[in-house]
Amino acid sequence: MRDIVATIQPEQDEVVRTELDVSVCVQGAPGTGKTAVGLHRAAYLLYAHRSRLQRTGVLVLGPNKAFLHYISAVLPTLGEVDVEQTTIEQLLTVEIRAVDEPDAAIVKHDARMADVLRNLVYARIGRPEQAIVAPDESYRWRVNQHEFEDMVAEARADATAYLIGRERVIARIVAALQRQAEARGQNCNAVWLRRMARAATPAVDAVWPKVKADEVLAELLSDRHRLAEAADGILSPQEQEAIAWPRPRKAKSARWTAADAVLLDEVAALLERGQTYGHVIVDEAQDLSPMQCRAIARRSEHGSITVLGDLAQGTTPWAAQTWTEQLHQLGKPEADQIALTTGYRVPAAVVELANRLLKPLRVSVPPTISFRSDGELSITRVDDLAVACVDAVGAALTQEGSIGVIAADDQIAVLADALKAAGIPAVPPDGDGRVAVVPASLAKGLEYDHVIAIEPADIVEAGPRGLNRLYVILTRAVSRLDVLHTRDLPSQLEGTGT
Ligand SMILES: Nc1ncnc2c1ncn2[C@@H]1O[C@H](COP(=O)(O)OP(=O)(O)OP(=O)(O)O)[C@@H](O)[C@H]1O
C-alpha cells in the first residue's frame with residue numbers, strides 16, 4: 001500500500017473521522033482504499049481518544065498472515081503501534097490440527113450452533129435433591145432443599161455466564177448460612193466465609209458442575225446421544241451426522257479444526273465473559289461466518305466497530321450476501337452503511353475486465369470506477385504456462401515495482417520451480433522479495449505493481465465461489481496485469497484476449 005495520507009479523499013475521510021461511538025460498515029469495491037481507511041481510522045481514533053482506547057484497546061482483524069505482514073508495515077508509519085493486529089484464527093488461540101469436511105464446516109459455522117452449544121452447556125444444571133448442611137463446631141447451618149432449588153433457578157435466570165451463575169449460587173448459599181450464624185451471634189470473618197463456601201461446594205458440584213470448554217465440545221462431538229439431545233429441533237439428523245466424530249475422543253487428544261476453534265470460543269463465552277475492546281476493525285468482513293461474527297460481536301459488545309469488505313470478493317462458503325444480515329450477526333445492526341466506489345489501485349482497463357464478472361456474482365454492489373486511466377492489460381493464450389510465466393516475469397523485471405504471480409493453489413509449486421530453474425528468486429506472499437508466487441486462496445487484500453494471473457479457468461474451478469476468487473485476483477494489479485491461459489477463458493471474459 002502506498003502512503004495515502006496526503007491524498008485521502010473526502011468520502012474516505014468521512015469514514016476515518018466518524019465518531020468513536022458510531023459503528024460503520026464500508027462496502028468498498030477493489031482498491032477503493034478500504035484497508036487504508038481502516039488503518040487510518042485506527043490511527044485517528046487512537047489520536048482523538050487516546051486515554052479511553054488505551055484502556056479499552058483496539059483490535060484489527062485481517063483475513064490471513066500475508067495480509068497482516070502487509071499492514072504491519074503500514075500502521076507504525078501512521079504513528080500508531082498500540083493496536084492488536086491478528087487474524088480471527090490467531091485470536092481464537094486453539095492449535096488447529098485437522099481440517100473439516102466441507103459439509104461439517106458448513107454446519108459448524110452456522111448460527112444455529114450457538115443454540116446447540118447453549119443447550120449443551122445448560123443441560124448440565126440439575127435439580128438439587130437434598131439440603132445443604134454445613135457443620136461449624138457445635139452448630140450445623142442449613143439451606144433446605146427448596147431454598148437451594150430457588151437459588152439455582154434464580155441464578156440460572158439472571159446469570160450472564162454459566163460459571164458466573166455457579167459462583168452466584170455458592171455466594172447465595174454462603175449468605176444464607178451467614179445470616180443464620182449471625183443470628184446466633186457468630187462472628188463471620190473471611191476465613192469463616194471461605195470455609196462455608198468449601199462446605200457448600202460438593203452439593204453445588206452435583207447440581208451445577210464446573211466444566212471446561214474443550215471438554216464440553218469434545219463430549220458433543222463424541223457422543224451422538226448428547227448431540228441429538230442438544231441439537232433436537234435445531235439440526236437435522238444428517239447435519240448432526242456431518243459433525244459427529246467417527247470415534248469418541250477426550251478433549252486432550254482432540255484434533256481441533258478451524259471451525260471447532262470458533263465453537264470453543266462460543267462455549268468459553270457461555271462459561272465466562274471474555275475480553276472486549278473499545279473498537280474493533282474487521283477487514284474482509286464479507287468472508288466471516290455467522291459463528292465468527294458472533295466471536296467478534298462478543299469482543300466489541302461494549303464498543304464500536306468498523307466493518308470493511310466487499311460482497312463481490314466473498315470466497316468462503318458462508319460469505320455474506322448482504323451487509324444488513326452480516327451486521328446483524330456482528331451485533332451492530334445500527335451501523336452506518338457506506339459505499340466506496342472510486343478505485344485507486346486498479347487501472348481502468350483492468351477494472352473494466354473485472355467488472356464483467358460482477359453480474360454473475362449475484363451480489364448487489366456498485367461497480368468500481370477507476371481513478372486511473374494509465375495501466376496495461378494483456379491477455380494471452382500460451383502453449384506452456386510455466387514457460388510463459390517465466391518469460392512474463394522476466395519482462396516484468398525490466399520495469400519497476402513488485403510482481404505477483406497468482407495461480408490456483410495446486411499450480412504454485414510448478415511455477416515456483418520453473419522460476420527457480422530460470423534463476424529468478426521468488427518468495428511466498430508474506431516473504432520479502434520483488435517476485436512473489438501467490439496461491440489464489442491467499443491473494444485477498446494484497447497488491448502488486450505487476451500481476452501475472454495464470455489460467456483463470458483453473459482458478460474458477462478450484463472450488464466453490466471460484467468466480468469471486470478470480471475477481472479478487474484480477475483486481476490485485478496496481479499498474480499492469482498479464483493474464484496467461486492455455487484453456488478457454490471463463491465465458492464472462494470471452495472476447496477479451498488474443
Ligand atoms: N485517496 C487515495 N489516494 C491515492 N491512493 C489511494 C487512496 N486511497 C487508497 N489508495 C491506494 O489504493 C490502493 C488500494 O487501497 P486498499 O488496499 O486500502 O484498498 P482495498 O479497498 O482494501 O482493496 P481490496 O478490497 O481490493 O483489497 C493502495 O495502494 C492505496 O494506497
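Counting starts from 1 at the beginning of each chain's written sequence and moves along it residue by residue. Totals for whole chains, interfaces and linings use all residues, but because this is a predicted model, local features are given only for residues with pLDDT of at least 70 and pairs of side-chain atoms are given and counted only at 80 or more.

Quick word on the nonpolar core
The cut-off we apply is this: Remark: nonpolar core denotes a set of buried Ala, Val, Leu, Ile, Met, Phe, Trp, Tyr and Cys residues whose joining runs through C-beta atoms within 7 Å. Backbone-placed C-beta atoms define the burial measure: a residue is buried with 20 or more other C-beta atoms within 10 Å of its own, exposed with 12 or fewer, and partly exposed in between. Comment: elements are numbered from the N terminus, with helices defined as DSSP H or I runs of at least four residues and strands as E runs of at least two.
Core analysis: the largest hydrophobic core is formed by 127 residues, its most contacted members being Val 267, Cys 389, Val 393, Val 405 and Ile 452. Examining the composition of this core, we find that ten residues originate from one element, helix H14 (residues 258-271), more than from any other. In terms of nonpolar packing, the next biggest core, distinct from the first, is built from 18 residues, Val 152, Ala 155, Leu 177 and Val 204 among them.

A few points about the pairing of strand S13 (residues 435-439)
Definition in use: Two strands are said to pair when DSSP picks up at least two bridges between them. Every crossover in which the path from the first strand over the helix to the second runs clockwise, viewed with the strands pointing away from the viewer, is termed right-handed.
Most of S13 sits out of view: four of its five residues are buried. In the sheet, strand S12 (residues 403-407) pairs with S13 via five bridges, with the strands oriented parallel. Counterpart to Val 405 in the pairing with S13 is Val 437. As a crossover connection, the stretch from S12 through helix H20 (residues 412-421) into S13 is right-handed.

A short note on the sheet that holds strand S3 (residues 84-87)
We apply this condition: Fitting a line to C-alpha atoms yields each axis, with helices limited to the stretch in contact; the angle taken between N-to-C directions then spans 0 to 180 degrees.
If you trace the six strands from one edge of the open sheet to the other, you get S3-S2-S6-S7-S1-S8, paired in parallel fashion. This sheet does not close on itself; its edge strands, each paired only once, are S3 and strand S8 (336-340). The mean angle between the axes of side-by-side strands here comes to 15 degrees, regardless of whether they run parallel or antiparallel. With four bridges joining them, strand S6 (residues 279-282) and strand S7 (residues 304-309) adopt parallel strand pairing. Paired with Val 280 across the strands is Ile 305, a residue of S7.

Looking at the packing of helix H19 (residues 385-396) against H20
Cut-off, in case you're wondering: What sets the label is the angle itself: under 35 degrees gives roughly parallel, over 145 gives roughly antiparallel, 65 to 115 gives roughly perpendicular, and the rest give oblique. Left-handed describes a crossing whose near helix is turned anticlockwise from the far helix through less than a right angle; right-handed describes the clockwise counterpart. Throughout, a residue-residue contact means that the two C-beta atoms, derived from backbone geometry, are no farther apart than 7 Å.
Packing of H19 against H20 brings their axes to within 9 Å, and their N-to-C directions diverge by 55 degrees. Between H19 and H20, the angle is such that the two are oblique. As for how H19 packs across H20, the hand of that crossing is right-handed. Together, Ala 386, Cys 389, Val 390 and Val 393 of H19 and Val 414, Leu 415, Ala 418 and Leu 419 of H20 make up the contact between the two elements.

Focus on the site of the ligand
Let me state the cut-off plainly: For each residue, a C-beta atom is placed from the backbone, and the residue counts as near a molecule or strand when that atom lies within 6 Å of it. Nonpolar residues are Ala, Val, Leu, Ile, Met, Phe, Trp, Tyr, Cys and Pro. Charged residues are Asp, Glu, Lys and Arg, and all others, Gly as well, are polar. Either an automatic procedure or a domain database provided the assignment from which the domain bounds are taken.
In the vicinity of the ligand, 22 residues are found, and the nearest of them are Pro 30, Gly 33, Lys 34, Thr 35 and Tyr 344. In terms of residue count, the dominant contributor to the shell around the ligand is helix H2 (residues 34-48) (three residues). For the shell around the ligand, a count of residues per class yields six nonpolar, eleven polar and five charged. When we break the shell around the ligand down by domain, the ones giving at least three residues each are domain 1 (10-94 + 271-345) and domain 3 (363-493).

Topic: the packing of H14 against helix H15 (residues 290-299)
At their nearest, the axes of H14 and H15 sit 9 Å apart, and the two run at 40 degrees to each other. Comparing their axes, H15 and H14 come out oblique. Seen from above, H14 lies across H15 with left-handed handedness. Residues Val 262, Leu 263, Asp 265, Glu 266 and Ala 269 of H14 lie in contact with H15, whose contacting residues are Met 291, Gln 292, Arg 294, Ala 295 and Arg 298. Residue composition of the contact of H14 with H15, by class: five nonpolar, one polar and four charged.

Considering the sheet that holds strand S14 (residues 448-454)
The strand order across the open sheet formed by five strands is S11-S15-S14-S12-S13, and the pairing between neighbours is parallel. Edge positions in the sheet fall to strand S11 (376-381) and S13, since each of these pairs with one other strand and no more. Sheet twist, expressed as the average angle between the axes of neighbouring strands with direction ignored, equals 20 degrees. In the packing of H20 onto the sheet, the strands contacted are S12, S13 and S14, and the crossing angle to S13 comes to about 165 degrees.

Considering the UniProt feature "binding site: ATP" (unreviewed entry) in the chain
Heads up, the condition is: UniProt positions are given in the numbering used here, feature names are shortened, and annotations may be inferred rather than shown by experiment.
Sequence positions flagged by UniProt for "binding site: ATP" (unreviewed entry) are, in local numbering, Gly 28, Ala 29, Pro 30, Gly 31, Thr 32, Gly 33, Lys 34 and Thr 35. By the secondary structure assignment, Gly 31 is in the loop between strand S1 (24-28) and H2. Among all residues touching Gly 31, those that are not within four sequence positions of it are Gly 343, Tyr 344, Arg 345, Val 346 and Thr 475. With respect to the helices and strands, the residue Thr 32 is situated in the loop between S1 and H2. The buried category is assigned to Thr 32, around which 27 C-beta atoms lie within 10 Å.

A few points about the pairing of S12
Counting buried positions over the five residues of S12 gives five, a clear majority of the element. By the alternation rule, side chains of S12 split into Ile 403, Val 405 and Ala 407 and Gly 404 and Ile 406, which are all buried. As defined by bridge partners, S12 adjoins S14 across four bridges and the pair is classed as parallel. If you follow Ile 406 over to S14, its bridge partner there is Ala 453.

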